[in-house]
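Chain by chain, the residues:
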Amino acid sequence: MRAVMAACWALVSRSVLTLHYHHVCRGVLLTQIREKKRWMKAYTLIMERKRKMEGTPPPTPRSQQPNFDYHAEVEAFGARLQESFSVELLKTAFVNPCYLRSEDERRRVLGVDAETTALNLKDNGELRAHGQQFTQGFLGNWCRANYPSLPEAGVAAIVGHLTGSEVMCHVAQNLAVEELTMSAEFPVPGVILQGTFFAVIGALEQSSGPVRAGLFIRDFLVTHLIGKDLFDMWQVVDPMGLLVQELTRKGMALPEPRLIRSAGASTVLPLYFVGLYSDHKLLAQGPGETVLAAEEEAARVALRNLYGYTENHRPWDFTTPSEQLQNPSTQVLTSG
Amino acid sequence: MTARGSPSRFLQSVLHNGEGRYVCQLKRISLIFSKKGQGSLGVRDFVEEGVVDFAKKNPGTVVYISPQSSRIPKIVAEYLNGNVKEETVTNKTSQQIAEFITKLSNQSGLDIIRIRKPFHTDSPSIQGQWHLFTNRPPSIDPVGPRSK
C-alpha cells in the first residue's frame, strides 16, 4: 500500500512539479535525477560560446596540476639520468632570480610581513655561470680533439650552435627540466630555460666532478651533431677565400676551378660539376645549377675534406667509461 | 582506416636516446582508483603487492597513487617528450596491470601510429650517393645515345 502510494506520488510529482525535485517517498527528496537533463544542452552551448570568445585557457605549469611532488620529482630527475646529484645543489640550480623577484613582489603586494615569510632560496646565478663556462670549455676541447685541423672560427661556430638557445631548450624540455624550473612566467622563456640547464650542468659538475659532467654533455649535447653538416652551423660567406687561406697556410698551390661535367645546359635544370685542382691534382668537385654555384659548392666540399668533417667520417666515441676500459684498443678519438 | 587516412610517422627516438646513454622515457605514472569500487580490485591488489617493486626497479619514474571516489580506475602515464597516455583498467587483474605498466615503462612517448619505415639512418651513404656522373668516363664531346 505504502509502495503504491509512493509510486503514485512519484509519478504525480514528476509531471506536476519542476523536474529538479524527485520525491522518492514521504521522507526522501532527491534533487538530482538520473534521466536526460534538459539543461545540459543549453549549458554546453553557452560554455562553447564563452570559450570561443575568450580563446583557450592559458597553459598552467605542471607543478600547479594535481599529482606533483617536487622533492620526489627532483630525486627522480637525477636517477633517470643515471647521475648522482647533490639534492641541495640541484634544487638551487632550478631557482631563477626572476622567480625570487616575483615572489618578493607578491609578498609585498599581499602586505605579508617580510621577516616571517622570507624566502630562504638562493638563486642559480653562480651555478649558471660556472656551468656555461664548463660546457663551452668542454665542447671546445671535444671539437679540437676530434677535428684538429678545424680553425677556431669553426670550433666557435659549433660550440655556439650547441650551446645556443634552440638546442639547449630542446634538450631541456625533453629532459623535464622545464617542469622543475622555478621562474616568474609560464611557459618558461627560452633564455631562462637555457640558463637553468647551464645551472644544472654546473650543479652536476660540482656534485660528481668534471669527468661525469663531461660525459653528460657528450651524451646530451654532442649527439645533436649527428647528421648535421658543418656549414649548417658555421655560416661561411666566402668559402673560396677561406680555402685559399687554408691552402696558402699549408703551402699548397692555389686552387684552379675547371668545369668537369655538364648536363642539360639549355634546360630549366642544368647541372654543372666544377673540380678544384691544386697543382694539377684534384682537390674536390662539387655540383651546382650554375657554374658559379658549382664552384662555391666545390670549395665547400674541399673545406669539408680538409677539416675532416665529411658525412663518412669515423663515428664519434659514445661508449661509457666502463666499456672504454674494457676495449682500449678500439678507442681512437676520445673526448678532451 | 587506410594508410593515407590515418596518421603516420618515421622511426625516430627522443633526443637521440640510446646513442649516448639510455634514459627511461616514462617520467610519471599516476594510478587513479577507488577504495571500494569493484572495478578497481585489480588496481588495489597491484598497489598492495607490485607497485613498490616497480618503483624500486624504475627510480627515474615517479609513481603517484591517488585513491579517489571514481567509478573508473585509470592509469595516467606521462613521458619526457610531453605526451600523456591515459588508459582505463576497469576489471583488470593485478597481473595484467603489472604487465601493462611494464609495457608503458618500456615505451618512448612517441605516438603509436603507423611507422613508415622500420629503419632510419643519419648517414645513408658511405661512399657517396650515386649520381649520373659516378664512374662515368669523362669525354670532351657531348655524349649521345650509345651506338652499337
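Quick caveat: nothing in here was measured; it's all calculated off a predicted structure.

(A) Structural view of the pairing of strand β2 (residues 26-33) of chain B. Residues and elements named next belong to chain B. Taken across its eight residues, β2 has eight buried, putting it largely inside the fold. Here six bridges tie β2 to strand β4 (residues 74-79), and the two strands are oriented antiparallel to one another. Bridged to Ile32 within β4 is Lys74. The sheet contact formed by β2 and strand β3 (residues 62-67) spans six bridges and is parallel. Residue pairing for β3: Arg28 is matched across the bridge by Val62.

(B) Structural detail: the sheet that holds strand β4 (residues 271-278) of chain A. Residue and element names in this part refer to chain A. Here three strands make up an open sheet; going across it, the order is β3-β4-β5 and the pairing antiparallel. Both edges of this open sheet fall to β3 (255-263) and β5 (281-288), since each of them pairs with a single strand only. Sheet twist, expressed as the mean angle between neighbouring strand axes with direction ignored, is 25°. In terms of strand pairing, β4 meets β5 through seven bridges, oriented antiparallel. Looking at β5, one finds that Leu276 is bridged to Ala284. Strands in contact with helix α13 (residues 239-250) are β3, β4 and β5; relative to β3, the strand with the most contacts, it is inclined by about 135°. Contacts between helix α14 (residues 291-307) and the sheet are confined to β3, β4 and β5, with β5 contributing the most and set at about 130° to the helix.

(C) Fine view of the interface of chain B and chain A. Tallying the contact residues gives 29 residues for chain B and 36 residues for chain A. In this assembly, chain B packs against chain A so that about 2800 Å² is buried in total across both faces, 53% of it on carbon and sulfur atoms. Looking only at chain B, the three residues that lose the most surface to chain A are Leu15, Arg21 and Phe133 of chain B, adding up to 29% of its buried area. Summed over the shared surface of chain B and chain A, the result is six salt bridges. Measuring nitrogen to oxygen at the nearest pair gives 2.8 Å for the salt bridge that ties Arg62 of chain A to Glu78 of chain B. On inspection of chain B and its partner chain A, the count reaches 16 residue pairs in polar contact (both at pLDDT 80 or more).

(D) Seen up close, the nonpolar core. Counting 73 residues, the largest nonpolar core has Phe77, Ile158, Leu175, Phe197, Leu225, Trp234 and Leu243 of chain A as its most contacted members. In terms of residue count, helix α10 (residues 190-208) of chain A provides more of this core than any other element does, eight residues in total. Counting 17 residues, the second largest nonpolar core, distinct from the first, contains Cys24, Val43, Phe46 and Ala77 of chain B.

What counts, and at which threshold
- Residues numbered from 1 in each chain as written.
- Chains lettered and ligands numbered in written order.
- Predicted model: local features only at pLDDT ≥ 70, side-chain atom pairs only at ≥ 80, totals over all residues.
- Heavy atoms only, no water.
- Buried < 20%, exposed > 50% of the residue type's maximum accessible area, 1.4 Å probe, protein only.
- Helix = DSSP H or I, 4+ residues; strand = E, 2+ residues; numbered from the N terminus.
- Pairing = 2+ DSSP bridges.
- Axes fitted to C-alpha atoms, helices over the stretch in contact; angles between N-to-C directions.
- Contact = heavy atoms within 4.5 Å.
- Buried area = accessible area lost by both parts, 1.4 Å probe.
- Salt bridge = Lys/Arg side-chain N within 4 Å of Asp/Glu carboxyl O.
- Polar contact = N/O pair within 3.5 Å; in protein donor to acceptor, adjacent residues only side chain to side chain.
- Core = buried A, V, L, I, M, F, W, Y, C linked by side-chain atoms within 4.5 Å.

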